[in-house]
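A closer look at the structure
Spelled out, the chains give:
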Amino acid sequence: HILESLVLGYHIEEEGKGEHVGCMLVANMERFEEERKAGSSSPLTDEEIRDICLAEAREALRGIATYKHPRKIVVKFEPFQKTQTLKIKRFLYSLD
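Residues numbered from 1 in each chain as written. Predicted model: local features only at pLDDT ≥ 70, side-chain atom pairs only at ≥ 80, totals over all residues. Heavy atoms only, no water.

Notes on a negative patch on the surface
Put simply, the rule reads: Residues with no salt bridge and a relative accessible area higher than 30% make up the patches, which join like charges within 9 Å and nonpolar side chains (Val, Leu, Ile, Met, Phe, Trp, Tyr) within 5 Å. Note on areas: Shrake-Rupley, 1.4 Å probe, and residue coverage restricted to the protein chains presented here. A pair is scored as a salt bridge if a Lys or Arg side-chain nitrogen falls within 4 Å of a carboxyl oxygen belonging to Asp or Glu. Positive residues here are Lys and Arg, negative ones are Asp and Glu, while His and the chain termini are left out of the count. Where a charge lies is defined by one atom per residue type, namely NZ (Lys), CZ (Arg), CG (Asp) and CD (Glu). Numbering of helices and strands runs from the N terminus, with a helix taken as a DSSP run of H or I at least four residues long and a strand as a DSSP run of E at least two residues long.
Negative charge collects at one region of the surface, where Glu13, Glu14, Glu15, Glu19 and Asp96 lie side by side. Its place among the elements puts Glu13 in the loop between strand E1 (2–10) and strand E2 (20–27).

What follows is the structure in structure tokens.
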């Protein structure tokens, strides 16, 4: 259900120094639509899609040490902007 991901560092003003790790996820809306058509159920809300993506991300993180987990995870619904060589334009995104 996750199409793309981007891992970023972000600062917390109250802590003063250092960076934390965060992650932005792009939901695979085509897959959600295909599943809805196959099951002929009502469309999912943005909150339900966000919950499914977060649960899938947490499942993928199970094998990684806790201190390496992203502290903030944000779910987007539009694909990341990319260069001509299909690299994500990281400078356009921030978790601050």
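There's plenty left to go through after this.
Remarks on the sheet that holds E2
As a reminder of what qualifies: Strands are treated as partners if at least two bridges between them are detected by DSSP. Axis definition: a line fitted to C-alpha atoms, limited for helices to the stretch in contact. Angles are taken between N-to-C directions and run from 0 to 180 degrees. Contacts are assigned to residue pairs that have any heavy atoms within 4.5 Å of one another.
One open sheet holds the three strands; their spatial order is E1-E2-E3, and the pairing between them is mixed. Of all strands in the sheet, those with a lone pairing partner are E1 and strand E3 (72–76), marking the two edges. Averaged over neighbouring strand pairs, the angle between their axes works out to 20 degrees when direction is ignored. Here five bridges tie E2 to E3, and the two strands are oriented parallel to one another. When the sheet's bridge partners are listed, Cys23 is paired in E3 with Ile73. Each of E1, E2 and E3 touches helix H2 (residues 46–60); the most contacted strand, E3, lies at about 135 degrees to it.

Re H2
Count 3.6 residues to each turn of an α-helix, and residues three or four apart come out pointing the same way. We apply this condition: One less than the residue count of a helix, multiplied by 1.5 Å, gives the span that helix is expected to have. Whether a residue is buried, partly exposed or exposed follows from its accessible area with a 1.4 Å probe, protein chains only, as a fraction of its type maximum: under 20%, in between, or over 50%, in that order. Picture the helix axis, draw a direction to every C-beta atom, and the arc is the one those directions span.
Between the first and last C-alpha of H2 there are 21 Å, a value that for 15 residues agrees with the 21 Å anticipated at 1.5 Å per step. Every buried residue of H2 is listed here: Ile49, Cys53, Leu54 and Ala57. On an axial view of H2, the arc spanned by its buried residues comes to 130 degrees, and they lie on one face. Those residues of H2 that are buried lie in contact with E1, E2, helix H1 (29–39) and E3.

Notes on the environment of Gln81
Here Gln81 lies in the segment after E3. For Gln81, a relative accessible area of 47% puts it in the partly exposed group. Residues Gln81 and Arg36, 45 residues apart in the sequence, show an inter-C-alpha distance of 27 Å. Aside from chain neighbours lying at most four places away, what touches Gln81 is Lys87, Ile88, Lys89, Leu92 and Tyr93.

Details of the nonpolar core
This is how the line gets drawn: Residues grouped as a nonpolar core are buried Ala, Val, Leu, Ile, Met, Phe, Trp, Tyr and Cys residues, joined through side-chain atoms within 4.5 Å.
In this structure, Cys23, Leu25, Ala27, Phe32, Ile49, Cys53, Leu54, Ala57 and Val75 together form the largest nonpolar core, which totals nine residues. Of all the elements in the fold, those that place two or more residues in this core are E2 and H2. When residues in this core are grouped by element, the largest group, four residues, is from H2. Those residues in contact with Cys23 that sit more than four places away from it in its chain are Ser5, Leu6, Val7, Pro70, Lys72, Ile73, Val74 and Leu95. Ranked by size, the runner-up nonpolar core spans eight residues in total, among them Leu6, Leu8, Val26 and Leu95.

Everything listed is a geometric property; what it means functionally is a separate question.
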